[in-house]
Amino acid sequence: MADTTTTNRPSMTRSQKDRLTSDLRTACMRISRRVRYEAGANVAPHQFSVLVRLEDGPRTPKELAGIEKVSAPSMTRTVNGLVELGLVARADDPTDGRQVILSLTPEGRATVKDTRRRRDQWFAARLETLTDDERALLAEATALLERVAAE
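Numbering of residues starts from 1 in every chain and runs along the sequence as written. With the structure being a predicted model, the display of local features is reserved for residues of pLDDT at least 70 and the display and counting of side-chain atom pairs for 80 or more, all residues being used for whole-chain, interface and lining totals. Just so you know, side-chain values use all the structure's heavy atoms and leave hydrogens and water out.

A word on the overall build of the chain
Under the DSSP-based scheme used, a helix requires at least four consecutive residues in state H or I and a strand at least two consecutive residues in state E, with every element numbered from the N terminus. Scanning the chain from terminus to terminus reveals 6 helices and 2 strands. Ordered by position in the sequence, the α and β elements of the chain form the string α-α-α-α-β-β-α-α. It is over C-alpha atoms that the radius of gyration is taken, and the globule rule equals 2.2 Å times the number of residues to the power 0.38. Its C-alpha radius of gyration of 21 Å places the chain more than 25% over the 15 Å reference for a compact globule of 151 residues. Its C-alpha atoms give the chain principal-axis dimensions of roughly 65 × 35 × 30 Å. Each of the 151 residues in the chain was classed as buried or not, and the buried ones make up 22%. The contact criterion used is simple: two residues touch if any of their non-hydrogen atoms lie within 4.5 Å. Residue pairs in contact within the chain that sit at least 24 positions apart in sequence constitute 54% of those at least 6 positions apart. Working definition of accessibility: Shrake-Rupley area with a 1.4 Å probe, residue cover restricted to the visible protein chains. With an accessible surface of roughly 11,200 Å², the chain has 54% of that area assigned to carbon and sulfur atoms. When charges are counted, neither His nor the chain ends are considered; positive counts come from Lys and Arg and negative counts from Asp and Glu. To locate a charge, the coordinates of NZ of Lys, CZ of Arg, CG of Asp or CD of Glu are taken. Charged side chains in the chain number 25 positive and 22 negative. The centres of these two groups are separated by 5 Å. Using a 1.4 Å probe on the protein chains alone, a residue whose accessible area is under 20% of its type maximum counts as buried, one over 50% counts as exposed, and one in between counts as partly exposed.

Following this line, the structure appears as structure tokens:
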């Protein structure tokens, strides 16, 4: 039985595949950067990333550095800034006095929620300029991109 998900399009050449790879990567990076910087967030993108990581629960600075793939000193600077802003709280680890546990404050949770809302609003405004057919195409592409990202 034939695969009904394919069309009768000719196969892409290696050059066409290479171009698609480059163009798609660049477009994804541009959208990501625009959403992060133009949505008027109150915190820098690297700080927001840490807040999101803490949304799932408390973590140590070392855990955050590993997840974010940054050095311990870099994470310390980021965390210090978030603590100064009142978005993250420090507490001594009850099982290891040498460790610090970080968690979101209520203000930190509100910042995550507000930043997501602003980013969604920024993106929604751009989608409003598209036709219904273009939005439908993006909905299909979103499913494909999610599949690619999950691999």
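On we go.
What to know about the nonpolar core
Counting residues in hydrophobic clusters, the biggest one holds 15 residues, and the most contacted among them are L51, L54 and L64. Of all elements in the fold, only helix 2 (45-55), helix 3 (61-68), helix 4 (72-84) and strand 2 (100-104) reach the threshold of two or more residues within this core. If we skip the residues at most four places from it in the chain, L54 touches R59, L64, V88, L102, S103 and L104. In this description, a nonpolar core means a group of buried Ala, Val, Leu, Ile, Met, Phe, Trp, Tyr and Cys residues linked to one another through side-chain atoms lying within 4.5 Å.

Regarding the side chain of Q47
Looking at where Q47 falls in the secondary structure, it is placed in helix 2. Overall, the relative accessible area of 13% leaves Q47 in the buried class. Those residues in contact with Q47 that sit more than four places away from it in its chain are T78, G81, L82 and L85.

So, the packing of aromatic side chains
Pairs were defined over the aromatic rings of Phe, Tyr and Trp, the Trp ring being its six-membered one, requiring ring centres within 6.5 Å. Orientation was assigned from the angle between planes: stacked under 30 degrees, edge-to-face over 60, tilted for the rest. Tallying each qualifying case throughout the model produces 1 aromatic pair. Each ring, one from W122 and one from F123, has its centre 6.2 Å from the other, and the planes form 55°; the classification is tilted. Accessibility expressed as a relative area gives 31% for F123, which makes it partly exposed.

Some words on unusual backbone geometry
Positioned with a positive phi, K69 is a non-glycine residue whose angle comes to about 60°. For K69, the location among the structural elements is in the loop between helix 3 and helix 4. What makes K69 exposed here is its relative accessible area of 73%.

Here we look at the pattern of salt bridges
One side-chain nitrogen of Lys or Arg within 4 Å of one carboxyl oxygen of Asp or Glu is enough to make a salt bridge. Using the criterion set out here, one finds 8 salt bridges in the structure. The salt bridge partner of E68 is R53, with a shortest N-O separation of 2.7 Å. With E68 in helix 3 and R53 in helix 2, this pair connects stretches of sequence that are 15 residues apart. Since its relative accessible area comes to 33%, R53 is described here as partly exposed. Between D114 and R118 there is a salt bridge, and its shortest N-O distance comes to 2.9 Å. Taken together, the positions of D114 and R118, both in helix 5 (residues 106-127) and 4 residues apart, correspond to about one turn of that helix. Through salt bridges that share partners, D114, R117 and R118 make up one connected network.

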